[in-house]
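Examining the three-dimensional arrangement
These are the residues of each chain, in order.
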Protein chains: 2
Amino acid sequence: MDIKTTCLGVLALGEASGYEIRKHFEEGPFSHFAEGAYGSIYPALGRLTQAGLLTCVEHAQDGRPDKKVYSITDAGHHALLDAMHKLPPDDKYKSDFLFILFFTDHQSPEWVAEVIDARIASYREKLERMAECEFAEAGHRGPRLVHGFGVAIYQSALDYLVQNREAFIDAAGRTDLVQAAE
Amino acid sequence: MDIKTTCLGVLALGEASGYEIRKHFEEGPFSHFAEGAYGSIYPALGRLTQAGLLTCVEHAQDGRPDKKVYSITDAGHHALLDAMHKLPPDDKYKSDFLFILFFTDHQSPEWVAEVIDARIASYREKLERMAECEFAEAGHRGPRLVHGFGVAIYQSALDYLVQNREAFIDAAGRTDLVQAAE
DNA sequence: TCGAAATATATCGTTTCGATATATGCACCC
DNA sequence: GGGTGCATATATCGAAACGATATATTTCGA
């Protein structure tokens, strides 16, 4: 989904400012499967409003720019539904973490331990956060089921790292990348 | 990792042409945690060669452009190691599939079934492919362990979808997105 | 009291990508 | 034999996205 569609998705949950939309991508349920930076959010909001898919109300604030609150329109809802009515392509997944681990043989055991332990801690924290924010809302089971999907994935990743931590560390330092290439 | 670093990573495994590097990102072990399109690969190869991190040998071909085969240099290896010696940021994950499922309540049961069944088939195929391409190479356990990580993730995702398929379909069609907004 | 973070609006240069251009060989189907 | 699609090769370019930055006040914690 392009940034306009994901902004529509966020606003389908309720009105929000550009800053708040960014927070949805950083911390909300969307943070596990969508992204958007200020650099693309603000231009997208402008274009969506101009296209009639959003409305915007400005609230004056003291010592700060006016807060612009966006709401999705009926046309916006229809555009969102249209965008979701195509078979989705494969997910896009980029992991510096797995990239580094892929070359475990060429890293020091100390470094591999540090990287893995930091990731284990991060997954544990995410899972705690996800356990705290349960969607109890009746009638909206889609978010809850997707939330469960995310928990399953993080738990599986965490389990694998914990179970294979020693194997990764044991594999480390066995090959000098430069020497191996010669 | 930026495209230059991931190209160095691919070439750390062995020499390759731009076209072959792209294949690594599409089908090889990197396909599960890195991406690169022709639009970024070819410019990156040019810059890396100019920076002395790669060398390039051209092989004449009949009826086709000369094949340019790139190899990593010692300096390239060092640059790669340097890039891997930073704590990796959170992974980046974009999923149109989860985005659509998030709004399951607002989709028809037929559509949700189609989307989930296509994804189940896709995960099964990926797992079959991954089972076929086992890294048996002694001394390079990093790739094998990362491969296992990927298998664990795909298996967990597949299990969750199979187990919750009926719940997703049952949740679908319960809320009219446009009507709910009014 | 002070420093950092949060709250707000944005832009812009850089990076990345998807589509496209060019062209042959091969495989498959009719 | 002809047509179509895919694979194999080199690339570019316009569009999209992002990371860093600018601006400035309020809030919060030490």
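One can find the structure itself at the top, above this paragraph.
A few points on the structure. A quick note: this is a predicted structure, and the numbers were derived from the prediction, not measured. (Residues numbered from 1 in each chain as written. Chains lettered and ligands numbered in written order. Predicted model: local features only at pLDDT ≥ 70, side-chain atom pairs only at ≥ 80, totals over all residues. Heavy atoms only, no water.)

Let us now look at the protein's contact with DNA strand C. In the region of DNA strand C, 22 residues are neighbours, and Tyr42 and Lys68 of chain A together with Ile3, Gly39 and Ser40 of chain B sit closest. Each atom of DNA strand C within 4 Å of the protein belongs either to a base or to sugar and phosphate, the latter forming 65%. Interatomic distance of 2.7 Å between a side-chain N/O atom of Tyr42 of chain A and a phosphate oxygen of DNA strand C. Ala37 of chain B has a polar backbone atom sitting 3.2 Å from a phosphate oxygen of DNA strand C. (Near = heavy atom within 4 Å. Polar contact = N/O pair within 3.5 Å; in protein donor to acceptor, adjacent residues only side chain to side chain.)

Moving on: the relation of the copies chain B and chain A. For the match of chain B to chain A, the screw axis carries a shift of 0.0 Å, the RMSD comes to 0.0 Å, and the turn is 180°. The operation mapping one copy onto its partner corresponds to a two-fold rotation axis. Closest approach to the rotation axis among the C-alpha atoms of chain B is made by Tyr93 of chain B, whose C-alpha sits 2.3 Å away. A shared binding surface is used by both copies, with 100% of the interface residues of chain B retained as interface residues in chain A. (Least-squares fit on C-alpha atoms with pLDDT ≥ 70 in both. Contact = heavy atoms within 4.5 Å.)

A word on the interface of chain B and chain A. Tallying the contact residues gives 76 residues for chain B and 76 residues for chain A. In this assembly, chain B packs against chain A so that about 7,500 Å² is buried in total across both faces, 67% of it on carbon and sulfur atoms. When the buried surface of chain B facing chain A is broken down by residue, Phe99, Phe102 and Phe149 of chain B rank first, second and third, together holding 11% of it. At the boundary of chain B with chain A, the tally comes to eight salt bridges. Here Asp91 of chain A makes a salt bridge to Arg119 of chain B, at a shortest N to O gap of 2.8 Å. Counting across the interface, chain B meets chain A through 31 residue pairs in polar contact (both at pLDDT 80 or more). Broken down by secondary-structure element, the contributors of at least two residues to the side of chain B that touches chain A are α1 (3-13), α4 (74-83), β3 (92-94), α5 (96-102), α6 (109-132), α7 (141-171) and α8 (177-181) of chain B. If you tally residues by element for the side of chain B that touches chain A, the top one is α7 of chain B, at 19 residues. Class assignment for the residues of the side of chain B that touches chain A results in 40 nonpolar, 19 polar and 17 charged. Of the strand pairs in this sheet, strand β3 (residues 92-94) of chain A and β3 of chain B are connected by three bridges, and their pairing is antiparallel. Residue pairing for β3 of chain B: Lys92 of chain A is matched across the bridge by Lys94 of chain B. (Buried area = accessible area lost by both parts, 1.4 Å probe. Salt bridge = Lys/Arg side-chain N within 4 Å of Asp/Glu carboxyl O. Helix = DSSP H or I, 4+ residues; strand = E, 2+ residues; numbered from the N terminus. Nonpolar A, V, L, I, M, F, W, Y, C, P; charged D, E, K, R; others polar. Pairing = 2+ DSSP bridges.)

This part is about the side chain of Ser95 of chain A. Structurally, Ser95 of chain A can be placed in the loop between β3 and α5 (96-102). The class for Ser95 of chain A is buried, based on a relative accessible area of 2%. One polar contact links Ser95 of chain A to Asp91 of chain B, side chain to side chain, over a distance of 3.0 Å. Not counting chain neighbours up to four residues away, the residues in contact with Ser95 of chain A comprise Phe33 and Asp91 of chain B. (Buried < 20%, exposed > 50% of the residue type's maximum accessible area, 1.4 Å probe, protein only.)

With that out of the way, let us pick up the packing of aromatic side chains. Enumeration over the complete set of coordinates arrives at 27 aromatic pairs over all chains. A centroid spacing of 4.9 Å and a plane angle of 50° characterise the contact between Phe102 of chain A and Phe30 of chain B, whose relative ring orientation is tilted. Separated into two different chains, Phe102 of chain A in helix α5 and Phe30 of chain B in the loop between α2 (18-27) and α3 (38-50) make up a pair that spans both. Where Phe149 of chain A meets Tyr160 of chain B, the ring centres are 5.7 Å apart and the plane angle is 90°; that geometry is what we call edge-to-face. Within this pair, whereas Phe149 of chain A is found in helix α7 (residues 141-171), its partner Tyr160 of chain B is found in helix α7, the two belonging to separate chains. The exposure class of Phe149 of chain A is buried, given its relative accessible area of 2%. Assessed through its relative accessible area of 13%, Tyr160 of chain B is described here as buried. The rings of Phe25, Phe30 and Phe33 of chain A together with Phe99, Phe102 and Phe103 of chain B are connected pair by pair, giving a single aromatic cluster. (Phe/Tyr/Trp six-rings, centres within 6.5 Å; stacked < 30°, edge-to-face > 60°.)

What follows is about the packing of helix α1 (residues 3-12) of chain A against helix α3 (residues 38-50) of chain A. Residue and element names in this part refer to chain A. For the pair α1 and α3, the least separation of the axes is 9 Å and the interaxial angle reads 80°. In terms of their interaxial angle, α1 and α3 are classed as roughly perpendicular. Between α1, through Ile3, Lys4, Cys7, Leu8 and Leu11, and α3, the contact on the second element is made entirely by Ser40, Ile41, Ala44, Leu45, Arg47 and Leu48. Partitioned by chemical class, the residues of the contact of α1 with α3 number eight nonpolar, one polar and two charged. (Axes fitted to C-alpha atoms, helices over the stretch in contact; angles between N-to-C directions. Parallel < 35°, antiparallel > 145°, perpendicular 65-115°, else oblique.)

Taken together, the neighbourhood of DNA strand D is formed by 24 residues, with Ile3 and Ser40 of chain A together with Tyr19, Tyr42 and Lys68 of chain B sitting nearest. Within 4 Å of the protein, the contacting atoms of DNA strand D are 67% sugar and phosphate, with bases supplying the remainder. Ile3 of chain A places a main-chain nitrogen or oxygen 3.0 Å from a phosphate oxygen of DNA strand D. One nitrogen or oxygen atom from the side chain of Lys92 of chain B is found 3.1 Å from a phosphate oxygen belonging to DNA strand D. Among the secondary structure elements, those contributing two or more residues to the surface near DNA strand D are α3 of chain A together with α2, α3, β2 (67-72) and β3 of chain B. Among the residues forming the surface near DNA strand D, the class breakdown is six nonpolar, eight polar and 10 charged.

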